[in-house]
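# An overview of the molecular structure
What follows is each chain in one-letter form.
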Amino acid sequence: MIRRQTAHRLRSILLGGGLAAAASGANAAPALDPAVNVRAGVLFSDVRTRVRIDPAPDIDAREVGFERDLGLDRGPAILFVDGAYRFAPRWTLGLEYQQLDRRRTARLSRALEIGETVYPVDATVRGRFRSSLYKVQLGWTPIAGERAEMGVSIGAHVTDFLLSIAGEGQVGSAAAAPREERRTVLAPLPNAGLFGRLQLGRGFAARAEANYFQLTLDDVEGGLTDLELAVEWQSRRRLGAGLGYRHLGYRLDLARPRFDGAVRYRFSGPILFVTAGF
């Protein structure tokens, strides 16, 4: 009788301990992401912008460096907002928006050729370069566990570029007169990529993402590289903060009636952000 009672108590203790351990493990390894995760932050960027606008299809102009030649800010702070919706256990939909608009009035140290217009040395010109990025991405996670996941994605970076230079310029042998050369470019570049996330413990997680693509059509040839590495902390209330590094680069060669030339645009630098999950 005593042996039966002892065995019964032992089974109860083991069963209770197993349930407690399972509950503790469930609390220690929550789901990697809530259904909706929103992030807002700032990128302390190092920007490089080079543009070439040819006067004719068979004549290549010299590149204009908007930071070097026009004095645009090389290190602006870029605000961004993005989000991800996990609509199925292994599927997510991501969106991002950011805009950078820089303007500057400068006195030229060398002549600049933009389209048909030549802005001479010592001319005072107003330069502007604006980029608006809209990113959409569909992600699939074939490898997923309690502490880590890895997946693949497809999507598009749709970027709207606006550039302009205005001041006293010449066309051919005509006398100098106020002129503005203004161009807009809509660049919808598809991309494919990889992403991953690893829980580090105590609410910390590391995430990485890489996107790349090359595109060649009749009137446009281009490519992009988009890389990000970050570490973030998230509380039990799904509020958090993080820091990381971001690099985004574009290469566009165009042969269009209003824009025959090229755009080389990249920015990179550390990022700080806050997050909220729902």
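So, here's what we can say about the structure.

## Remarks on the nonpolar core
Phe66, Leu252 and Tyr265 are the most contacted members of the largest nonpolar core, which totals 39 residues. The greatest single-element share of this core, amounting to five residues, is contributed by strand E14 (residues 260-277). The contact partners of Phe66, leaving out residues within four places of it in the chain, are Thr49, Val51, Gly71, Leu72, Arg128, Phe129, Leu163, Ser164 and Ile165.

## Let's talk about a nonpolar patch on the surface
Together, Tyr85, Phe87, Trp91, Leu93, Leu95, Val136, Leu138, Trp140, Val152, Ile154 and Leu194 line one region of the surface with nonpolar side chains, adding up to about 990 Å² of accessible area. Every element with two or more residues in the nonpolar patch is listed here: strand E4 (77-88), strand E5 (91-107), strand E8 (124-144) and strand E9 (148-169). For Val136, the location among the structural elements is in strand E8. Exposure remark for Val136: the relative accessible area of 35% places this residue in the partly exposed category.

## Considerations on the environment of Tyr119
Turning to its location among the elements, Tyr119 is positioned in strand E7 (residues 117-119). For Tyr119, a relative accessible area of 0% translates into the label buried. With 51 residues separating them in the primary sequence, Tyr119 and Gln170 have C-alpha atoms 6.5 Å apart. A distance of 3.0 Å separates the side chain of Tyr119 from the backbone oxygen of Ile165, its partner in a polar contact.

## Regarding the layout of surface pockets
In this structure, the second largest pocket encloses a volume near 160 Å³. Lining the second largest pocket are 14 residues, with Asp54, Pro55, Arg183, Pro257 and Asp260 sitting closest to its centre. Broken down by class, the residue content of the lining of the second largest pocket amounts to six nonpolar, one polar and seven charged.

## Regarding the environment of Thr92
Its place among the elements puts Thr92 in strand E5. Through-space distance from the C-alpha of Thr92 to that of Leu138 is 5.9 Å; in sequence the pair is 46 residues apart.

Calculation notes
- Residues numbered from 1 in each chain as written.
- Predicted model: local features only at pLDDT ≥ 70, side-chain atom pairs only at ≥ 80, totals over all residues.
- Heavy atoms only, no water.
- Core = buried A, V, L, I, M, F, W, Y, C linked by side-chain atoms within 4.5 Å.
- Buried < 20%, exposed > 50% of the residue type's maximum accessible area, 1.4 Å probe, protein only.
- Helix = DSSP H or I, 4+ residues; strand = E, 2+ residues; numbered from the N terminus.
- Contact = heavy atoms within 4.5 Å.
- Patch = residues over 30% accessible without salt bridge, like charges linked within 9 Å, V, L, I, M, F, W, Y side chains within 5 Å.
- Areas by Shrake-Rupley, 256 points an atom, 1.4 Å probe, with all protein chains shown as cover.
- Salt bridge = Lys/Arg side-chain N within 4 Å of Asp/Glu carboxyl O.
- Polar contact = N/O pair within 3.5 Å; in protein donor to acceptor, adjacent residues only side chain to side chain.
- 1 Å grid on protein atoms, 1.4 Å probe; cavity = no way out; pocket = protein on both sides within 12 Å on 5 of 7 lines; lining within 4 Å.
- Points joined across faces, edges and corners; volume = space filled by probe spheres on them.
- Nonpolar A, V, L, I, M, F, W, Y, C, P; charged D, E, K, R; others polar.

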